Amino acid sequence: MTEMLHLYDTATREVREIQLREPGKIGIYLCGPTVYGPPHLGHGRATLVYDILRRYLEWSGLTVRLVSNITDMVARGRTSLTSVRTSGLRQCAN
């Protein structure tokens, strides 16, 4: 890949070129939906956007690791955060 993707950086308010920490590899952490009630279209928007970004980066020749979480606010109020994460990972694996 000769030219890297440029994205808007909200911290600096500039469009910046992605800087890879490891040549040929990129990692993305997506703060997934915080579920307060029934699922809705907004929950899928970020998932779709980041899936398209992942596919583009892979098509460009990069190895991509995309990680996302899901926070269940109802379960979080009743159980510890560790058990919510374990439950979420178990559900995502199935």
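Scoring rules and cut-offs
- Residues numbered from 1 in each chain as written.
- Predicted model: local features only at pLDDT ≥ 70, side-chain atom pairs only at ≥ 80, totals over all residues.
- Heavy atoms only, no water.
- Helix = DSSP H or I, 4+ residues; strand = E, 2+ residues; numbered from the N terminus.
- Buried < 20%, exposed > 50% of the residue type's maximum accessible area, 1.4 Å probe, protein only.
- Salt bridge = Lys/Arg side-chain N within 4 Å of Asp/Glu carboxyl O.

Attention now goes to the environment of Gln19. Looking at where Gln19 falls in the secondary structure, it is placed in the loop between strand 2 (14-17) and strand 3 (25-30). A residue is classified by how much of its surface remains accessible, and Gln19, at 59% relative accessible area, is exposed. A sequence separation of 13 residues divides Gln19 from His6, and the C-alpha atoms of the two residues are 9.5 Å apart.

Tallied over the entire structure, the rule returns 5 salt bridges. Linking Asp51 and Arg54 is a salt bridge whose minimum nitrogen-to-oxygen distance equals 2.5 Å. A residue pair is termed a helical-turn pair when its members lie 3 or 4 positions apart in one helix, as Asp51 and Arg54 do in helix 1 (residues 41-59) at 3 residues. Arg54 serves as the salt-bridge partner of Glu58, at 2.9 Å between the closest nitrogen and oxygen. With Glu58 and Arg54 both in helix 1 and 4 residues apart, the pair spans about one turn of that helix. Note on Glu58: relative accessible area 37%, which makes it partly exposed.

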